[in-house]
Amino acid sequence: MSETGRVRAERRRRDVPVGVVMVGMAVIAWWPAFTLGVYGEIFFDDILAVWAASTAAFVFVLVERKPVGGKLVRAFLLLLPSVWLVLSFVISDDETDLLIAIVDVVAILAVLIGIPFTLWVLVRVAFPDFAHESSPGTKWLIAGVVLGVAIIAFILGINQEHFLTCWDFQLSGNYPPASCTPAPTPEV
């Protein structure tokens, strides 16, 4: 194989994880962003999915063979969804507004920090050399694409009445939002 052919083959080999990472992260990010746009909420199942993934990633970070210093920061960030879950059990709705606000802030941090950070750790688990082999430009491209998909999904959620009907939500097992467009009645 010529030098040019080897370079192309190596580039294709490195491009596969980039595509998989980009598509996988975008697929995971769109639904919470869309539901936030539609309902103004990120639902418990999305937060608990982040909790499950971050807990598994937390265990991985603890057992990986790396210096302790970097592990502690990553482990702490991966515990944010667990902190939210524990606070939700400990603090009841009868508590003061300040305590409820703290739980809400931790939930927001769990989503805003937890989702991207957990995804990044999972990428490093699936493709251990990805972080070292990828250029900063590639990492920024992935982050930009995933953020772009999340922003567009949020905007689509806000404007769902323009392309979805109440029946679309019902059929998919979701509660129709107040702003949904009623489905046209069939003519008889």
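Residues numbered from 1 in each chain as written. Predicted model: local features only at pLDDT ≥ 70, side-chain atom pairs only at ≥ 80, totals over all residues. Heavy atoms only, no water.

Caption draft 1: Summary view of the overall build of the protein. A tally of regular secondary structure across the protein gives nine helices and zero strands. Ordering the α and β elements of the protein from the N terminus gives α-α-α-α-α-α-α-α-α. Evaluated residue by residue, the protein yields a buried proportion of 31% over its 188 residues. For the protein, contacts bridging at least 24 residues in sequence account for 58% of all contacts bridging at least 6. Surface exposure of the protein reaches about 12,000 Å², of which carbon and sulfur atoms provide 71%. (Helix = DSSP H or I, 4+ residues; strand = E, 2+ residues; numbered from the N terminus. Buried < 20%, exposed > 50% of the residue type's maximum accessible area, 1.4 Å probe, protein only. Contact = heavy atoms within 4.5 Å. Areas by Shrake-Rupley, 256 points an atom, 1.4 Å probe, with all protein chains shown as cover.)

Caption draft 2: Fine view of the state of the cysteines. Using the criterion set out here, one finds one disulfide in the structure. One disulfide in the model links Cys166 with Cys180; its S-S distance is 1.9 Å. The disulfide joining Cys166 to Cys180 has a torsion of about 95° about its S-S bond and is therefore right-handed. Remark: Cys180 occurs in the segment after helix 9 (166-171) and Cys166 occurs in helix 9; sequence separation between them is 14 residues. The buried category is assigned to Cys166, whose relative accessible area is 15%. (Disulfide = S-S within 2.5 Å.)

Caption draft 3: Highlighting the packing of aromatic side chains. Applying the stated criterion across every chain yields a total of five aromatic pairs. Between Trp30 and Trp31 the ring centres are 5.2 Å apart and the planes differ by 75°, which places this aromatic pair in the edge-to-face class. We classify Trp30 as partly exposed; its relative accessible area is 36%. A relative accessible area of 25% places Trp31 in the partly exposed class. Judged by centre distance (5.8 Å) and plane angle (50°), the rings of Trp30 and Phe34 are tilted. Residue Trp30 and its partner Phe34 are both found in helix 1 (residues 3-39); the two are separated by four residues, about one turn of the helix. A network of ring pairs unites the aromatic residues Trp30, Trp31 and Phe34 as a single cluster. (Phe/Tyr/Trp six-rings, centres within 6.5 Å; stacked < 30°, edge-to-face > 60°.)

Caption draft 4: Local environment of the pattern of salt bridges. Taken as a whole and judged by the stated rule, the model has one salt bridge. Arg74 serves as the salt-bridge partner of Glu64, at 2.1 Å between the closest nitrogen and oxygen. Taken together, the positions of Glu64 in the loop between helix 2 (44-63) and helix 3 (68-78) and Arg74 in helix 3 put the pair 10 residues apart, joining distant regions of the chain. By the burial criterion, Glu64 is buried, and Arg74 matches it. (Salt bridge = Lys/Arg side-chain N within 4 Å of Asp/Glu carboxyl O.)

Caption draft 5: Representation of the packing of helix 2 against helix 3 within the structure. Contact geometry of helix 2 with helix 3 gives a least axis separation of 9 Å together with a crossing angle of 165°. In terms of orientation, helix 2 lies roughly antiparallel with respect to helix 3. As helix 2 packs across helix 3, the resulting crossing turns out to be left-handed. Side by side, helix 2 and helix 3 meet where Ser54, Ala57, Phe58, Val61, Leu62 and Val63 of the first sit next to Lys71, Arg74, Ala75 and Leu78 of the second. Classifying every residue of the contact of helix 2 with helix 3 gives seven nonpolar, one polar and two charged. (Axes fitted to C-alpha atoms, helices over the stretch in contact; angles between N-to-C directions. Parallel < 35°, antiparallel > 145°, perpendicular 65-115°, else oblique. Left-handed = near helix turned anticlockwise from the far one by under 90°. Nonpolar A, V, L, I, M, F, W, Y, C, P; charged D, E, K, R; others polar.)

Caption draft 6: Representation of the nonpolar core. Ranked by internal contacts, the top residues of the largest apolar core, which has 29 residues, are Val21, Met25, Trp84, Phe130 and Ile142. Elements with a contribution of two residues or more to this core: helix 1, helix 2, helix 4 (80-90), helix 5 (97-112), helix 6 (114-126), helix 8 (136-158) and helix 9. Among the elements that make up this core, the one with the highest residue count is helix 1 (eight residues). Apart from residues lying up to four places away in sequence, Phe130 is in contact with Pro17, Val18, Val21, Trp120, Val123 and Ile142. One finds Phe58, Val61, Ala75 and Phe117 within the second-largest nonpolar core, a separate group that totals seven residues. (Core = buried A, V, L, I, M, F, W, Y, C linked by side-chain atoms within 4.5 Å.)

Caption draft 7: Layout of the side chain of Glu64. Taking the relative accessible area as the measure of exposure, Glu64 reaches 12% and is therefore buried. Leave out the neighbours within four places in its chain, and Glu64 touches Lys71 and Arg74.

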